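Coordinate inspection notes
Here is what each chain is made of, one letter per residue.
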Amino acid sequence: MNDKEINEKYGCTAENFIKDTETEYSICREERQYAVFLYNILRFYRKPEMRCGKTKRIFTVCGIPEDANIKKVFYEATFMRDFFERNRRLILGKDEEGKMPGILVQTEFTRKKKSMDKNDAFNYKLMEYVHKGKVENCTEEDLKYNLGHHVPHAELSEEELFAVKCMMEAKPDIAVLYEKGGKEYLLFLECKFESGESFYSNEDNSIKMSQREIQWLIADFLCRTYLKGTVEISESMKDKSSCLVRFVRECREKTEGEIKEEIKKKNKEEIKKEIKKEIKIGDLVDLNRKEIFHEEEHEEETTV
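Calculation notes
- Residues numbered from 1 in each chain as written.
- Predicted model: local features only at pLDDT ≥ 70, side-chain atom pairs only at ≥ 80, totals over all residues.
- Heavy atoms only, no water.
- Core = buried A, V, L, I, M, F, W, Y, C linked by side-chain atoms within 4.5 Å.
- Buried < 20%, exposed > 50% of the residue type's maximum accessible area, 1.4 Å probe, protein only.
- Helix = DSSP H or I, 4+ residues; strand = E, 2+ residues; numbered from the N terminus.
- Contact = heavy atoms within 4.5 Å.
- Salt bridge = Lys/Arg side-chain N within 4 Å of Asp/Glu carboxyl O.
- pLDDT = per-residue confidence, 0-100.
- Expected span 1.5 Å × (residues − 1).
- Patch = residues over 30% accessible without salt bridge, like charges linked within 9 Å, V, L, I, M, F, W, Y side chains within 5 Å.
- Areas by Shrake-Rupley, 256 points an atom, 1.4 Å probe, with all protein chains shown as cover.
- Lys, Arg positive; Asp, Glu negative; His and termini not counted.
- Charge placed at Lys NZ, Arg CZ, Asp CG, Glu CD.
- Axes fitted to C-alpha atoms, helices over the stretch in contact; angles between N-to-C directions.
- Nonpolar A, V, L, I, M, F, W, Y, C, P; charged D, E, K, R; others polar.

Side note on the nonpolar core
Leu 38, Leu 42, Met 167, Val 176, Leu 189 and Phe 247 are the most contacted members of the largest nonpolar core, which has 71 residues in total. Among the elements that make up this core, the one with the highest residue count is helix H10 (residues 211-224) (eight residues). Beyond its immediate stretch of four places on either side in the chain, Leu 42 contacts Phe 59, Cys 62, Ile 64, Ile 70, Val 73, Ile 174, Val 176 and Leu 189.

Laid out in structure tokens, this is it:
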């Protein structure tokens, strides 16, 4: 493709900006836009028999088994903050059982001046998880406040404190709960377009963890505590990281030169795996427009 063709197809002109028929073009660099398209597809094609062609490939890229039934799909789900807030309100809210649902949904609630039993507290379960055992010197504040902002006084190492903070702040772009062979599995997807994977680090950069590693810790914690015995971590996260999905304008094989250039940074097999995790933006747009929202049919109806 020469410079003129590139400019006609991808140039930042008013014509290209409003042109909705060219699905390969996008002025938006934010992967959230395409993550919403993917979310729609995962929800719409819940049953295996509904998937073929493009949809079948998209589900494969996401690490969802071919025969899996989709139970729930969540977009940017803040599981850790939600579980913490629900736990806090149930324990510190009013005692009347009939008013419990109201306590959970209202923006503010009246806290009772009582102590939290650490064995019932979300925060203690979280600290116990990263510490891999009982935690000493846990204070009342450590149990009541969001550990994404509050630094606990409990005896935890710097690495454990860092993990707790990151787990409370992180969230997957998409979470999928699916059923396969009579069992339910939890899968987290980290979506990327033009940006690389982000990392969490402390102030002096002595501790660093990737987004996908933190997300795996969240899934593992939930499956070991609140979802214990009912939900397992997806096999697609067996490498102890969430599943990477990359949105691209064109799916293609990388050249040997590109692989050699990147091999200095990564393992050759990892590069090949990343290629297989690509989803074409045009496929996302087409499936949303034509299959899910039937935009072409609506356009025909309005012109009749």
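Next comes the rest of the write-up.
A look at the pattern of salt bridges
Tallied over the entire structure, the rule returns 10 salt bridges. Where Glu 140 meets Lys 144, a salt bridge forms, and the shortest distance between an N and an O atom there is 3.6 Å. Here Lys 144 and Glu 140 lie together in helix H8 (residues 140-144), a separation of four residues that amounts to about one turn. Salt bridges linked by common partners bring Lys 54, Asp 283 and Asp 286 together as one network.

Some points on the confidence of the model for the protein
Scored by pLDDT, the protein comes out at a mean of 81, with 72% of its residues at no less than 70. Taken as a whole, residues 300-304 scores under 50 in pLDDT and shows zero contacts with residues more than four places along the chain or in a different chain.

Things to note about helix H3 (residues 31-44)
When the terminal C-alpha atoms of H3 are compared, their 20 Å separation across 14 residues agrees well with the 20 Å that a helix rising 1.5 Å per residue should span. Taken as a whole, H3 has its buried residues at Glu 31, Tyr 34, Ala 35, Leu 38, Asn 40, Ile 41 and Leu 42.

Brief notes about a negative patch on the surface
Together, Glu 158, Glu 159, Glu 203 and Asp 204 give the surface a local cluster of negative charge. By the element assignment, Asp 204 lies in the loop between strand S4 (199-201) and strand S5 (208-210). Of the residues examined, Asp 204 reaches a relative accessible area of 54% and is grouped as exposed.

Digging into the packing of helix H5 (residues 79-92) against H10
Put simply, H5 and H10 touch, their axes get as near as 11 Å, and they point 35° apart. On H10, the residues touching Phe 79, Met 80 and Phe 83 of H5 are Ile 218, Phe 221 and Leu 222. When grouped by side-chain class, the residues that make up the contact of H5 with H10 number six nonpolar, no polar and no charged.

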